[in-house]
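Residue strings, one per chain:
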Amino acid sequence: MAFCIGAAQVYYHKLTRKGVVAGGIYRVIRHPQYASLVVCSFGLLLLWPRYIVLLSFVAMVFVNYFLAQYEANECERKFGASYGRWQCDLTV
């Protein structure tokens, strides 16, 4: 559910050219789509405890972490000060 909500907010702002998504679910969590994928994957790991699932889960967590870092750098370059303000408001 969080994945769909986050995607809807991002694409709505992208299509209407509104800039940084600072409201809705993004007011609470910085990367709701990545977080929901991690939670669902952890649930799969609990339901089907195999080494390959564990390795896939760990790999996915690292990939999501680096993707989030990359996207943060891209957003900072693209949106500048408004993205920085959103980051500061979220951490307080």
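Before reading further, recall that the structure is shown in the block above.
Before going into details, it helps to say that this report is about the structure given with it. These figures come from a predicted structure and were not determined experimentally.

### What to know about the overall build of the chain
And then number 1: A tally of regular secondary structure across the chain gives four helices and zero strands.
And then number 2: When the elements of the chain are put in sequence order from the N terminus, they spell out α-α-α-α.
And then number 3: Along the first, second and third principal axes, the C-alpha set of the chain runs to 45 × 25 × 25 Å.
And then number 4: Within the span of the chain, comprising 92 residues, buried residues form 25% of the whole.
And then number 5: Long-range contacts, defined as pairs at least 24 residues apart, comprise 48% of the intrachain contacts of the chain with a sequence gap of at least 6.

### A closer look at the nonpolar core
A general feature of soluble globular proteins is that nonpolar side chains tend to end up buried together.
And then number 1: Counting residues in each nonpolar core, the largest one holds eight residues, listed as Val20, Val21, Ile25, Tyr26, Ala72, Tyr83, Trp86 and Leu90.
And then number 2: Those residues within four positions of Leu90 in sequence are excluded, and the remaining contacts are Tyr26, Arg27, Val28, Ile29 and Arg30.

### As for a nonpolar patch on the surface
And then number 1: There is a patch of nonpolar side chains on the surface, built from Tyr51, Leu54, Val58, Phe62, Tyr65 and Phe66 and spanning about 700 Å² of accessible area.
And then number 2: Positionally, Phe66 belongs in helix 3 (residues 51-79).
And then number 3: By relative accessible area, which is 55% here, Phe66 ends up exposed.

### Some words on helix 3
Residues lying three or four places apart along an α-helix face the same way, a consequence of the helix completing one turn every 3.6 residues.
And then number 1: With 29 residues, helix 3 extends 41 Å from end C-alpha to end C-alpha; this agrees with the ideal 42 Å at 1.5 Å per step.
And then number 2: Those residues of helix 3 that fall on the buried side of the exposure criterion are Val53, Phe57, Met60, Asn64, Ala68 and Ala72.
And then number 3: One or two positions beyond helix 3, positive phi appears at Gly80, with a value near 65°.

### Observations concerning the state of the cysteines
And then number 1: Enumeration over the complete set of coordinates arrives at zero disulfides.
And then number 2: Free of any disulfide, Cys40 has its nearest neighbouring cysteine sulfur in Cys4, separated by 9.9 Å.
And then number 3: Judged by its relative accessible area of 56%, Cys40 falls in the exposed class.
And then number 4: The cysteine Cys75 is free of any disulfide, with Cys88 supplying the nearest cysteine sulfur at 15 Å.
And then number 5: Overall, Cys75 belongs to the partly exposed group, its relative accessible area being 26%.

### Here's the deal with unusual backbone geometry
And then number 1: Phi angles above zero are rare outside glycine, and Arg17 is one such case at about 55°.
And then number 2: Tracing the backbone through its elements, the reader meets Arg17 in the loop between helix 1 (2-16) and helix 2 (32-47).
And then number 3: For Arg17, a relative accessible area of 77% translates into the label exposed.

Criteria and cut-off values
Residues numbered from 1 in each chain as written. Predicted model: local features only at pLDDT ≥ 70, side-chain atom pairs only at ≥ 80, totals over all residues. Heavy atoms only, no water. Helix = DSSP H or I, 4+ residues; strand = E, 2+ residues; numbered from the N terminus. Buried < 20%, exposed > 50% of the residue type's maximum accessible area, 1.4 Å probe, protein only. Contact = heavy atoms within 4.5 Å. Core = buried A, V, L, I, M, F, W, Y, C linked by side-chain atoms within 4.5 Å. Patch = residues over 30% accessible without salt bridge, like charges linked within 9 Å, V, L, I, M, F, W, Y side chains within 5 Å. Areas by Shrake-Rupley, 256 points an atom, 1.4 Å probe, with all protein chains shown as cover. Salt bridge = Lys/Arg side-chain N within 4 Å of Asp/Glu carboxyl O. Expected span 1.5 Å × (residues − 1). Disulfide = S-S within 2.5 Å.

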